[in-house]
Amino acid sequence: MRKTVNDLRKQLCEEMMPFTEEAAVLADIIVAYSLCIDRSTLLTITHIPVDDKTEAICENMVRELLNGAPIQYVMGECWFYGLPIKIGKGCFIPRMDTEILAQKVMELLPIEGRFAEVCSGSGCVSKAIMANRSDAEGLALELYPKPLSYTEENLKEFDRIEVRKFDALDPDDYKQLPKLDIIVSNPPYIPTDDVDMLDSVVQCEPRTALDGGEDGLTYYRAIIEYGDELLGEGGRFLFEVGFDQADDVKALLEKKGYDTRCYKDLGGIDRVVEGIKC
């Protein structure tokens, strides 16, 4: 007799339970993914038999998870601002708090305005903006080949955004960009000495997407210094920052003559710093 959906859910849950408190949730996510349905639909077909191929897919995914891979890498996608984002090893995984950064760009970008996302990673911020602001023009800028390939994949449906290889620390690369209304970035911002102390699952993500230099501010300094010439009066920087970095990033912007303000994340932490050119 073939296993049912419910049998498979229970089996996977039991296999993962010694290793994670989220075993039941992960089991449902994996089974739903293997059947190409959502979790709410899954609960309506628990009595349906599953074939050997589906069971094998689920077992392989559990094996990857137990070897330390993040669920997003195992599934090959995640969701950001209600949109599917292709993701995989070598690319930073989008976080829900970053949706605030994307939302602020949508709100503050002028009609038919132009933005650039520096250190675009998967391109999730740019995708959210373009999906909700079809009048906008954008540039998604990323240095490393693996995340750059995901940026291209996630943005291929949009005609009004260009993906470029770009080094955020190289002043010459900024000279190739047009004038902009907003420069937005969620750059690497973990201090170098702290990267090795991160949770093991986070350390599966590329170090290049995490390491922000000795004090975590290397990329902010460069983007503000080199990006300043691209912004006219009223132009804006919008940065995601670490939990204790808002004051430091504000100080960098104010030293350059920008007015600043902060926006909090769902946990009440100052997560987005805005700089407005006077």
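Residues numbered from 1 in each chain as written. Predicted model: local features only at pLDDT ≥ 70, side-chain atom pairs only at ≥ 80, totals over all residues. Heavy atoms only, no water.

A. Summary view of the overall build of the protein. Helix and strand content of the protein: 12 helices and 9 strands. Overall size of the protein, expressed as C-alpha extent along the three principal axes, is 70 × 40 × 35 Å. Out of the 278 residues in the protein, the part that is buried amounts to 48%. Across the protein, every contact between residues at least 6 apart in sequence was considered, and the portion connecting residues at least 24 apart equals 60%. For the protein, the exposed area adds up to about 13,800 Å²; of that, 50% sits on carbon and sulfur atoms. Put simply, the protein has 31 plus and 52 minus side-chain charges, and the middle of one group is 3 Å from the middle of the other. (Helix = DSSP H or I, 4+ residues; strand = E, 2+ residues; numbered from the N terminus. Buried < 20%, exposed > 50% of the residue type's maximum accessible area, 1.4 Å probe, protein only. Contact = heavy atoms within 4.5 Å. Areas by Shrake-Rupley, 256 points an atom, 1.4 Å probe, with all protein chains shown as cover. Lys, Arg positive; Asp, Glu negative; His and termini not counted. Charge placed at Lys NZ, Arg CZ, Asp CG, Glu CD.)

B. Inspection of helix α6 (residues 99-108) at higher detail. Among the residues of α6, I100, L101, A102, K104, V105 and M106 are the ones counted as buried. Where α6 is buried, its residues meet β1 (77-80), α7 (124-132), β6 (180-185), β7 (231-240), β8 (258-264) and β9 (270-277).

C. Just helix α12 (residues 246-255), in detail. Along α12, the residues classified as buried are A246, V249 and L253. Buried residues in α12, looked at end-on, bunch into an arc of 75 degrees, giving them a common side. Seen from the open side of α12, the exposed residues pointing more than 90 degrees away from its buried face are D247 and K255. Those residues of α12 that are buried lie in contact with α11 (218-227), β7, β8 and β9. Following α12 by one or two positions, G257 adopts a phi angle in the positive range, close to 95 degrees. (Arc of directions from axis to C-beta.)

D. Quick look at the side chain of S120. With respect to the helices and strands, S120 occurs in the loop between β3 (114-118) and α7. Its relative accessible area of 4% is what places S120 among the buried residues. If we skip the residues at most four places from it in the chain, S120 touches A140, L141, E142 and T151.

E. Focus on the pattern of salt bridges. Using the criterion set out here, one finds 23 salt bridges in the structure. Across the pair R95 and E205 runs a salt bridge whose closest N-O atoms are separated by 2.7 Å. In this pair, R95 sits in the loop between β2 (83-86) and α6 while E205 sits in the loop between α10 (192-195) and α11, placing the two residues 110 residues apart along the sequence. Here E205 falls in the buried class, since its relative accessible area comes to 4%. (Salt bridge = Lys/Arg side-chain N within 4 Å of Asp/Glu carboxyl O.)

F. Just the packing of aromatic side chains, in detail. Using the criterion set out here, one finds 5 aromatic pairs in the structure. Considering the side-chain rings of F237 and F239, the 5.6 Å spacing of their centres and the 10 degrees angle between planes classify their relative orientation as stacked. Assigned by exposure class, F237 and F239 land together as buried. (Phe/Tyr/Trp six-rings, centres within 6.5 Å; stacked < 30°, edge-to-face > 60°.)

G. Spatial organisation of empty space enclosed by the protein. If you walk through the whole model with that rule in mind, you get 1 cavity of 30 Å³ or more. Its volume calculated, the largest cavity comes out at about 320 Å³. What lines the largest cavity is a set of 27 residues, and nearest its centre among them are C119, S120, G121, E142 and A209. Taken together, the residues of the lining of the largest cavity sort by class into 16 nonpolar, 7 polar and 4 charged. (1 Å grid on protein atoms, 1.4 Å probe; cavity = no way out; pocket = protein on both sides within 12 Å on 5 of 7 lines; lining within 4 Å. Points joined across faces, edges and corners; volume = space filled by probe spheres on them. Nonpolar A, V, L, I, M, F, W, Y, C, P; charged D, E, K, R; others polar.)

H. Structural view of the pairing of strand β5 (residues 161-165). Sheet topology note: the strand β4 (residues 137-142)/β5 ladder contains 5 bridges and is parallel. Note on β5: the bridge partner recorded for A140 is V163. Crossover β4 to β5 through helix α8 (residues 145-155) is right-handed. (Pairing = 2+ DSSP bridges. Right-handed = clockwise from strand over helix to strand, strands pointing away.)

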